[in-house]
Amino acid sequence: MLFLLIYSIIYQRLYLKFMSVKIIYKNTIPKSNSNNLVFFVDENFNINHINRQIAKTEFSFVSDLLKIKDKNKQIISFDISAKKKIILVSIKKNFQTHEIENLGARFYNNFENIKINTFNISTDSKVIKSKMFIGNFLHGLKLKSYKFDKYKTTKEKKNITIYVTGKNKPPITNQIKFKAIEDGTFFARDLVSEPGNILHPDEYSKRIKQLSKFGLKISIYDEKKLKKMNMNTLLGVGQGSIRGSYLVTMEWKGLKNNSRPITFVGKGVCFDTGGISLKPAKFMEDMTYDMAGSATVVGLMKSLALRKAKVNAVGVVGLVENMPGGNAQRPGDIVKSYSGKTVEILNTDAEGRLVLADALTYTEEKYKPKFIVDLATLTGAIIVSLGSEYAGLFSNDDKLSKQLIEVGEQTGEKVWRMPLNNNFDKLIDSKNADMQNINYVGGAGSTTAAQFLQRFILNKTPWAHLDIAGMAFSKYGGALNSGGATGFGVRLLNKLIEDDYE
């Protein structure tokens, strides 16, 4: 427990340095910061329990205004004076974790652009049934506060400080867990937000290497090593770029025993032009986020290390840049994968599955894991199917699928299971090689991509593929992000580990 306390203090200092929202837990509200009081109430806005926490005149004032206020809102603010507000946040009787996080995000939205920069949240309320409630509320608030303004010469300087008092503050262990997950999510968002001229494979591998200071064992395999390993499908994607191609592994040993790890594999195409099968110019600038699957894996591994997760876990990412250079892979090329299977390249823009193919077989062979989950912005077809509401889930294992669906509902990072079938699998058979990298018959683009990946799971290891093309980046913002990179999957997989494997 002493370790946790010391770790909390040190980590909080490091963490808050980079946040626009600072959380301070106190036994009582500092007199110098007694303005802008926040109270949690029931659906009917019953405020009897705050009678002792505010002046009688203030209580009467709020009571009278509540009679005419629109109680359909969940957050109502009362101006007591030019410098003081009383804010009421109503809570439904039955709520899910992600609903409380979304409520925290809405709270941030309500007060982001006004002059108020200090809030005092009281946790002494009968409607708060769990000490985790406040943690989840603040978690949603902080996730919503993320901004990527690294390259703006004029930055918004506003910082928000929130004092939290009362008996329902989350325990230190949970404070550490929330911060670790936020830090991992923000790291993933940062990686996805970086432009392609900055975060190319060479730079990306260096940034991952820096995570070794948190206790992760990092191994980087460059082109020379990958050639010896016969990772030709991965190398083929990157051979048109002046940048290097890499496979990077991140190992977290949170258990003293040598139990089989759980493993996560991510597609890291730092920029995707489509290669010789060149994409249209319109919206090609968005292809900086084609490495979002790998960013999720990297962010997840950082979170596990920061919160000292009691699990053995491995993250594996393939880092490449898909460019139409003079040495670029051509349509019609045939390459031999790490598994020994041959692939005919009919379209060089179906490159993510080629990167994952070698990474999946390598992960299964080297680590003999309990399961493999891979993540990739793999197909535009999944956006046609599911939009930006669900990630596509393809799996050979019902148990793993059920677990992912359940934690998706709890976190709000939802997944929807899609079909795999032998008849779909036949669509990627090639006349000239063991398989081809696209289905030219047409239709079922996401499924045939998943069928392609499944061919590289050689030993029937439980496996799930998450196609996050519709979830990794949001132009207009979502419940817990303000637009841009979402970090989708970090919280989902953290919850999977926490609920089922720790």
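So, how was this worked out
- Numbering of residues starts from 1 in each chain and follows the order in which that chain's sequence is written.
- It should be noted that, the model being predicted, local features are given only for residues of pLDDT at least 70 and side-chain atom pairs only at 80 or more, the latter also being counted only at that level, while totals for whole chains, interfaces and linings use all residues.
- Calculation of side-chain values draws on the structure's entire complement of heavy atoms; hydrogens and water are dropped beforehand.
- Nonpolar core, defined: a set of buried Ala, Val, Leu, Ile, Met, Phe, Trp, Tyr and Cys residues in which side-chain atoms within 4.5 Å join the residues together.
- Exposure classes here rest on a 1.4 Å probe applied to the protein chains alone. A residue is buried below 20% of its type maximum, exposed above 50%, and partly exposed in between.
- Helix and strand assignments come from DSSP, with helices taken as H or I runs of at least 4 residues and strands as E runs of at least 2, each series counted from the N terminus.
- Stacked, tilted and edge-to-face are the three classes assigned to paired rings of Phe, Tyr and Trp, where Trp is represented by its six-membered ring and a pair needs centres within 6.5 Å; plane angles under 30 degrees give stacked, over 60 edge-to-face, the rest tilted.
- Any two strands with at least two DSSP bridges between them are considered paired.
- Axis definition: a line fitted to C-alpha atoms, limited for helices to the stretch in contact. Angles are taken between N-to-C directions and run from 0 to 180 degrees.
- Take a side-chain nitrogen of Lys or Arg and a carboxyl oxygen of Asp or Glu: if they are within 4 Å of each other, that pair is a salt bridge.
- Here a crossover is taken to be right-handed if, once the strands point away from the viewer, the path from the first strand over the helix to the second is traced clockwise.
- Definitions used for this entry: grid spacing 1 Å over protein atoms alone; cavity, a set of points where a 1.4 Å probe fits but cannot get out; pocket, an open set with protein on both sides within 12 Å along at least 5 of 7 lines; lining residue, one with an atom within 4 Å of a point.
- Grid points are joined across faces, edges and corners, and a volume is the space filled by probe spheres set on the points.
- Here the term charged refers only to Asp, Glu, Lys and Arg, the term nonpolar to Ala, Val, Leu, Ile, Met, Phe, Trp, Tyr, Cys and Pro, and the term polar to all other amino acids, Gly among them.

K.L.:
Can you walk me through the nonpolar core in this structure?
P.N.:
One recurring pattern in soluble globular proteins is that nonpolar side chains are buried together. In terms of nonpolar packing, the biggest core is built from 54 residues, with Tyr204, Ile208, Phe264, Val298, Val373, Ile468 and Leu493 touching the most fellow members. The leading source of residues in this core is helix 9 (residues 292-306), at 8 residues. Met231, Tyr338, Ala449 and Ile457 belong to the second largest nonpolar core, which has 36 residues in total.

K.L.:
It is not clear to me how the packing of aromatic side chains should be interpreted in this structure. Could you clarify?
P.N.:
Each aromatic ring pair is described using two quantities: the centre-to-centre distance and the angle formed by the ring planes. One pass over the full model with this rule turns up 17 aromatic pairs. Here the aromatic rings of Phe95 and Phe133 are separated by 5.6 Å at their centres, their planes lie at 70°, and the arrangement is edge-to-face. One end of the pair, Phe95, is in the loop between strand 4 (84-90) and helix 3 (97-111); the other, Phe133, is in helix 4 (residues 132-144), with 38 residues separating them in the sequence. You can call Phe95 partly exposed: its relative accessible area is 31%.

K.L.:
Teacher, can you tell me more about unusual backbone geometry here?
P.N.:
Peptide bonds are mostly trans, and most non-glycine residues show a negative phi. A positive phi angle, near 45°, is found at Lys368, a position not held by glycine. Topologically, Lys368 is positioned in the loop between helix 10 (352-367) and strand 13 (371-376). When its relative accessible area of 55% is taken as the criterion, Lys368 is described as exposed. The backbone of Ala444 sits at a positive phi, close to 55°, despite the residue not being glycine. Relative to the helices and strands, Ala444 resides in the loop between strand 16 (435-436) and helix 14 (445-454). On the accessibility criterion, Ala444 (31% relative accessible area) is partly exposed.

K.L.:
Just to check I follow, could you spell out the sheet that holds strand 10 (residues 312-322) for this structure?
P.N.:
Within a sheet, neighbouring strands are paired by backbone hydrogen bonds and run either parallel or antiparallel to one another. Within the open sheet, the 8 strands sit side by side as 7-8-10-9-13-17-14-15. Their pairing is mixed. Each of the sheet's edge strands pairs with one partner strand only, and the pair in question is strand 7 (217-221) and strand 15 (415-417). Adjacent strand axes in the sheet meet at a mean angle of 20°, parallel and antiparallel pairs treated alike. In terms of strand pairing, strand 9 (residues 262-272) meets strand 10 through 9 bridges, oriented parallel. In the strand pairing of strand 10, Asp272 is matched with Asn322.

K.L.:
What's the story with the pattern of salt bridges in this structure? I'm lost.
P.N.:
Pairing is possible between side chains that carry opposite charge, provided their charged atoms lie close to one another. As enumerated under the stated definition, the model contains 26 salt bridges in all. We note a salt bridge from Asp349 to Lys279, for which the minimum N-O separation is 3.0 Å. You can see Asp349 sitting in the loop between strand 12 (342-344) and helix 10 and its partner Lys279 sitting in the loop between strand 9 and helix 9, a full 70 residues away along the chain. One salt bridge in this structure joins Lys414 and Glu389, with 3.0 Å as the shortest N-O distance. Residue Lys414 is located in the loop between helix 12 (398-411) and strand 15, and its partner Glu389 is located in the loop between helix 11 (381-386) and strand 14 (391-395); the two are separated by 25 residues in the primary sequence. In the salt-bridge network here, residues are joined through shared partners; they are Lys150, Glu194, Glu203 and Arg207.

K.L.:
Just checking my understanding: could you explain the pairing of strand 3 (residues 75-81) for this structure?
P.N.:
Within a regular strand, the side chains alternate between the two sheet faces. Looking at chain direction, strand 3 and strand 4 are connected through 6 bridges and run antiparallel. Pairing of Asp79 across the sheet is with Lys85, part of strand 4.

K.L.:
Any chance you could explain the pairing of strand 5 (residues 118-122) here in plain terms?
P.N.:
Most of strand 5 is tucked away, with 5 of its 5 residues classed as buried. Residues of strand 5 alternate between two faces, with Thr118, Asn120 and Ser122 on one and Phe119 and Ile121 on the opposite face, all of them buried. Examined bridge by bridge, strand 5 and strand 6 (residues 160-165) share 5 bridges and lie parallel to one another. Its bridge partner being in strand 6, Phe119 is matched across the sheet by Ile162. Crossover strand 5 to strand 6 through helix 4 is right-handed.

K.L.:
Any chance you could explain empty space enclosed by the protein here in plain terms?
P.N.:
Using a probe with the size of a water molecule, rolled over the atoms, empty space left in the structure can be pinpointed. Summed over all chains, the structure comprises 3 cavities of 30 Å³ or more. If you trace the largest cavity, you find it lined by Ile23, Tyr25, Gly135, Leu138, His139, Lys142, Gln175, Phe178, Lys179 and Glu182. Within the residue set of the lining of the largest cavity, elements represented by two or more residues are strand 1 (21-25), helix 4 and helix 5 (172-193). Each residue belonging to the lining of the largest cavity can be placed in one class, and the counts come to 4 nonpolar, 3 polar and 3 charged.

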